Amino acid sequence: MEDKIRNYAQEIGAELKEKNGLWELSKLVAERKAFLSKKKLTYTAKFRINSDEKKVVLSEYLAEKGSGLSSGGGDFGSDMSPGFGFKTTSYKTGTSGISGSIQEQSDLFGKQYTYDFKYEAVRQKIETLALEAGFAFEYKVLPVGL
């Protein structure tokens, strides 16, 4: 099953890592560049393959990271605030996982990303591979205890 997941990650251009039995599949789904700033939106699925219990447990989320010069309202009484900013934000999914296109999810970020990545396809593929290998599949909202 691990080889099939590796092949799938390679097919979709995702990075796949494993550490102490916890697998992480991540893919950059959108990127915005502006004057001296950059923002990236990354999809990540974390899962554990428990061979003893014959079970795969998966959790997924979106994370936005950005860096560069920032401007906006500050305590200076104007719309300009000096300095260099760095912000990292993560948004976890609901009980049914992330679904829909990147446009639907990017509304949560208040930005318009032009990309159409189907999150449910990743979850469904890992579930299918687990079931084909005779494993049970469980989706968890939070990665705690994977």
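For the structure itself, consult the block above.
What counts and how
Residues numbered from 1 in each chain as written. Predicted model: local features only at pLDDT ≥ 70, side-chain atom pairs only at ≥ 80, totals over all residues. Heavy atoms only, no water. Core = buried A, V, L, I, M, F, W, Y, C linked by side-chain atoms within 4.5 Å. Buried < 20%, exposed > 50% of the residue type's maximum accessible area, 1.4 Å probe, protein only. Helix = DSSP H or I, 4+ residues; strand = E, 2+ residues; numbered from the N terminus. Salt bridge = Lys/Arg side-chain N within 4 Å of Asp/Glu carboxyl O. Pairing = 2+ DSSP bridges. Expected span 1.5 Å × (residues − 1). Contact = heavy atoms within 4.5 Å.

1. Overview of the nonpolar core
Counting 25 residues, the largest nonpolar core has Tyr 43, Phe 47 and Val 56 as its most contacted members. Breaking this core down by element, the ones donating at least two residues are α1 (2-12), β2 (22-34), β3 (37-50), β4 (55-69), α3 (119-132) and β6 (136-139).

2. A look at the pattern of salt bridges
Tallying each qualifying case throughout the model produces 7 salt bridges. Between Lys 17 and Glu 24 there is a salt bridge, with the nearest N and O atoms lying 3.8 Å from each other. Lys 38 serves as the salt-bridge partner of Glu 31, at 3.8 Å between the closest nitrogen and oxygen. Owing to a relative accessible area of 33%, Lys 38 belongs among the partly exposed residues under this scheme. Through salt bridges that share partners, Glu 15, Lys 17, Glu 24 and Lys 46 make up one connected network.

3. Points about the pairing of β3
Of the pairings in the sheet, the one linking β2 to β3 comprises 12 bridges and is antiparallel in character. Bridge pairing links Leu 28 to Thr 42 in β3. Between β2 and the antiparallel strand that follows it, β3, lie 2 residues; Leu 36 among them carries a positive phi value of about 60°.

4. Structural notes on unusual backbone geometry
Its identity is not glycine, yet Asn 20 carries a phi of approximately 55°, on the positive side. Note that Asn 20 resides in the loop between β1 (15-19) and β2. For Asn 20, a relative accessible area of 70% gives the class exposed. Despite not being glycine, Lys 54 shows a phi value in the positive range, around 55°. Within the secondary structure layout, Lys 54 lies in the loop between β3 and β4. For Lys 54, a relative accessible area of 38% translates into the label partly exposed.

5. Let's talk about α3
Compared with the 20 Å implied by 1.5 Å per residue over 14 residues, the 20 Å span of α3 between its first and last C-alpha is a close match. Taken residue by residue, α3 has Tyr 119, Glu 120, Val 122, Arg 123, Ile 126, Leu 129 and Ala 130 as its buried positions. Once α3 finishes, Gly 134 follows within two positions and takes phi at roughly 85°, a positive value.

6. Looking at the environment of Glu 15
On the secondary structure map, Glu 15 appears in strand β1. The class of Glu 15 is partly exposed, set by a relative accessible area of 44%. Spatially, the C-alpha atom of Glu 15 lies 9.2 Å from that of Leu 28, the residues being 13 residues apart in sequence. Sequence-distant contacts of Glu 15, defined by excluding residues within four places in its chain, comprise Glu 24, Leu 25 and Ser 26.

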